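Chains, contacts and geometry: an overview
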Amino acid sequence: MELELSTPALLFSAITLLMLAYTNRFLAMASLIRGLNERYRENPEEVLLLEQLKNLRKRVHMIKNMQIFGVVSFLLCVICMFLIYQEFKMAANVIFMLSMISLLISLFISLMEINLSTKALNIELGDMEESFKQSKGPFKFMFKDSKDPSIKS
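Bear in mind the structure is a predicted one, so any value in this text is a computation, not a measurement. (Residues numbered from 1 in each chain as written. Predicted model: local features only at pLDDT ≥ 70, side-chain atom pairs only at ≥ 80, totals over all residues. Heavy atoms only, no water.)

A look at the overall build of the chain
- Of the regular secondary structure elements, the chain holds three helices and zero strands.
- In the chain, the succession of α and β elements from N to C terminus is α-α-α.
- The burial tally for the chain puts 29% of its 153 residues in the buried class.
- Long-range contacts, defined as pairs at least 24 residues apart, comprise 72% of the intrachain contacts of the chain with a sequence gap of at least 6.
- For the chain, the accessible surface area stands at approximately 10600 Å², while carbon and sulfur atoms represent 66% of it. (Helix = DSSP H or I, 4+ residues; strand = E, 2+ residues; numbered from the N terminus. Buried < 20%, exposed > 50% of the residue type's maximum accessible area, 1.4 Å probe, protein only. Contact = heavy atoms within 4.5 Å. Areas by Shrake-Rupley, 256 points an atom, 1.4 Å probe, with all protein chains shown as cover.)

Okay, here's the thing in C-alpha cells:
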C-alpha cells in the first residue's frame, strides 16, 4: 500500500479532538482536586478523602501520559507528512507506524483511566449509600437492609 499525504493528515482532526477531550478531563480533575483539598483541610481524618486522593494521584499521572503519547503521535504525523513530501517513502511508513502505536498507547491509557474514574465514582456512591441508610429520609426504602424490621418494602 502506498502511503499518501492525506493518510496522516486524516489523523490530525482525530488527534486534536482527542487532545481536547484529555484537556477537558484534566481541567475537570484539577477542579475536583482543589475542592477535595479544601475538604481535606477542614477534616484531614476523613477516610473517604484519602481514598479519593490516592485515586486522583494515579489518574493525574495517567492523564499526563495520555497527553504525552497523544502529542508524540501528533508530532510523528507531522514528521511523516514531511517525509512523504520529501519522498522518503520507507522512513514515512516507519514514522506513520510509530505514530499509530503512540496513539494506540494513548487510547489504552485512556481506557485504564476511565476504569479508575469509575472506581472513584463508586467510592462516592458508597458514601452516599451509607448516608441514606443512616438517615430517616424518603429514600431509605431504596437501601433496605433485610435485617432491619422497621423498613417495609
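Observations concerning the pattern of salt bridges
- Within this structure, the stated rule accounts for two salt bridges.
- One salt bridge in this structure joins Arg-25 and Glu-113, with 3.3 Å as the shortest N-O distance. Pair noted here: Arg-25 is in helix H1 (residues 6-42) and Glu-113 is in helix H3 (residues 89-134), with a separation of 88 residues, a long-range link.
- For Arg-25, a relative accessible area of 23% gives the class partly exposed.
- By relative accessible area, which is 1% here, Glu-113 ends up buried.
- Notably, a salt bridge pairs Glu-113 with Arg-59, separated by 2.7 Å at the nearest N-O pair. Note that Glu-113 is positioned in helix H3 and Arg-59 in helix H2 (residues 47-85), a separation of 54 residues in sequence. For the pair formed by Glu-113 and Arg-59, the shared burial category is buried.
- When salt bridges with common partners are traced through the structure, they connect Arg-25, Arg-59 and Glu-113 into a single cluster. (Salt bridge = Lys/Arg side-chain N within 4 Å of Asp/Glu carboxyl O.)

Structural notes on the nonpolar core
- Within the largest apolar cluster, 24 residues are counted, with the highest numbers of intra-cluster contacts made by Leu-3, Leu-11, Ile-15, Cys-80 and Ala-92.
- Listing elements by their share of this core, those giving two or more residues are H1, H2 and H3.
- When residues of this core are assigned to their parent elements, the largest contribution, ten residues, is made by H2.
- In this structure, Leu-11 is in contact with Cys-77, Phe-96, Ser-99, Met-100 and Leu-103, ignoring residues within four places of it in sequence. (Core = buried A, V, L, I, M, F, W, Y, C linked by side-chain atoms within 4.5 Å.)

A word on the environment of Tyr-85
- Tracing the backbone through its elements, the reader meets Tyr-85 in helix H2.
- With 81 residues separating them in the primary sequence, Tyr-85 and Glu-4 have C-alpha atoms 9.1 Å apart.

Focus on a nonpolar patch on the surface
- On the surface, Met-90, Val-94, Met-97, Leu-98, Ile-101 and Ile-105 cluster together into a nonpolar patch covering about 530 Å² of accessible area.
- Mapping Met-97 onto the fold places it in helix H3. (Patch = residues over 30% accessible without salt bridge, like charges linked within 9 Å, V, L, I, M, F, W, Y side chains within 5 Å.)

A closer look at H1
- Here H1 contains 37 residues, and its C-alpha end-to-end distance of 55 Å stays within 8% of the 54 Å for a straight helix at 1.5 Å per residue.
- The complete set of buried residues in H1 reads Pro-8, Leu-11, Ile-15, Leu-18, Met-19, Tyr-22, Met-29, Ala-30 and Leu-36. (Expected span 1.5 Å × (residues − 1).)

As for the environment of Thr-7
- Along the polypeptide, Thr-7 turns up in helix H1.
- By relative accessible area, Thr-7 is classed as partly exposed at 22%.
- Taking the C-alpha atoms as reference points, Thr-7 and Cys-80, 73 residues apart in sequence, are found 9.7 Å from one another.

Description of the side chain of Ser-73
- Considering the arrangement of structural elements, one finds Ser-73 in helix H2.
- We classify Ser-73 as buried; its relative accessible area is 0%.
- Filtering out sequence-adjacent residues up to four positions away, Ser-73 remains in contact with Ile-15, Ser-99, Ser-102 and Leu-103.

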